[in-house]
Amino acid sequence: YFSDPWGSSGERPIGAFYRAFPDGRLEQLDRGLAFPNGVAINADETAVFLAETRPNTIWRYELRRDGSVGPRTEFARLGGVPGPDGMAFDADGLLYVAHHGEGRVDVIDPNGREVDHIPVPGRQVTNVAFGGPDFDVLTITEVETASVYRRKLGVKGQRLFGGLHHR
């Protein structure tokens, strides 16, 4: 699953969301998006989440056993501007969202509510990922300061790709 924001904006919503197959085929899952960005799958692989930066929204798509998706539903609408970028789940199901333009990482609970913010120097936060020896360090990229920041959280990140087709 990946997004294609190239050339899209609030005034020109031409971005799209795709599924790639091992044989090279592509399936367009959604279109008409105003700068689609980060993609994350929840731990039980029942939903895939897509950040759409310009409307400041995170969409949820039901993830079916065969990898196809249901229609999008609004999962969260963030405060501030312009909106969400890269995302990663922790092992407890919280979603960490790079909030481009606000200088922070927003923490969203499984019900779509903002429950915390992690401040970051500079305003152009672009991505987040878990790592470190105990997998409890959130790595944050930020463009304005051209830096990578690390924050030990004390909660482990969700392990990536559990094998969607092997449930």
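Here, every reference points to the structure presented above.
These remarks concern the structure in this document. Please read these numbers as outputs of a predicted model, since none were measured by experiment.

## As for unusual backbone geometry
Residue Pro82 follows Val81 across a cis peptide bond; omega there is -15°. Backbone geometry places Asn56, a non-glycine residue, at a positive phi of 60°. Here Asn56 lies in the loop between strand S5 (47-52) and strand S6 (57-63). Since its relative accessible area comes to 7%, Asn56 is described here as buried.

## Overview of the nonpolar core
If you look at the biggest cluster of nonpolar residues, it comprises 14 residues, and the most contacted ones within it are Tyr96, Val105, Val128, Leu138 and Ile140. Going through the elements one at a time, strand S9 (95-100), strand S10 (104-108), strand S12 (125-131) and strand S13 (137-142) are the ones with two or more residues in this core. Looking at this core element by element, the count peaks at three residues for S12. In this structure, Leu138 is in contact with Tyr96, Val105, Ile118, Val128, Ala129, Phe130, Tyr149, Arg150, Arg151 and Leu153, ignoring residues within four places of it in sequence.

## Details of the pattern of salt bridges
By the definition in use, this model includes eight salt bridges. Residue Asp106 is joined to Arg104 by a salt bridge in which the shortest nitrogen-to-oxygen separation is 2.4 Å. Considered together, Asp106 and Arg104 belong to a single accessibility category, that of buried residues. With a shortest N-O distance of 2.9 Å, Asp136 and Lys152 are connected by a salt bridge. Within this pair, whereas Asp136 is found in the loop between S12 and S13, its partner Lys152 is found in strand S14 (residues 147-152), the two being separated by 16 residues in sequence. Owing to a relative accessible area of 9%, Asp136 belongs among the buried residues under this scheme. Salt bridges linked by common partners bring Glu102, Arg104 and Asp106 together as one network.

## Regarding the sheet that holds S6
Sheet architecture is open: four strands sit in the order S4-S5-S6-S7, paired in antiparallel fashion. Of all strands in the sheet, those bounded by a partner on one side alone are strand S4 (36-41) and strand S7 (69-77). Put simply, the sheet's adjacent strands are angled 25° from each other on average, direction ignored. When S6 meets S7, the two strands line up antiparallel, connected through six bridges. The residue bridging Arg60 from the neighbouring strand is Thr73, located in S7.

Calculation criteria
- Residues numbered from 1 in each chain as written.
- Predicted model: local features only at pLDDT ≥ 70, side-chain atom pairs only at ≥ 80, totals over all residues.
- Heavy atoms only, no water.
- Helix = DSSP H or I, 4+ residues; strand = E, 2+ residues; numbered from the N terminus.
- Buried < 20%, exposed > 50% of the residue type's maximum accessible area, 1.4 Å probe, protein only.
- Core = buried A, V, L, I, M, F, W, Y, C linked by side-chain atoms within 4.5 Å.
- Contact = heavy atoms within 4.5 Å.
- Salt bridge = Lys/Arg side-chain N within 4 Å of Asp/Glu carboxyl O.
- Pairing = 2+ DSSP bridges.
- Axes fitted to C-alpha atoms, helices over the stretch in contact; angles between N-to-C directions.

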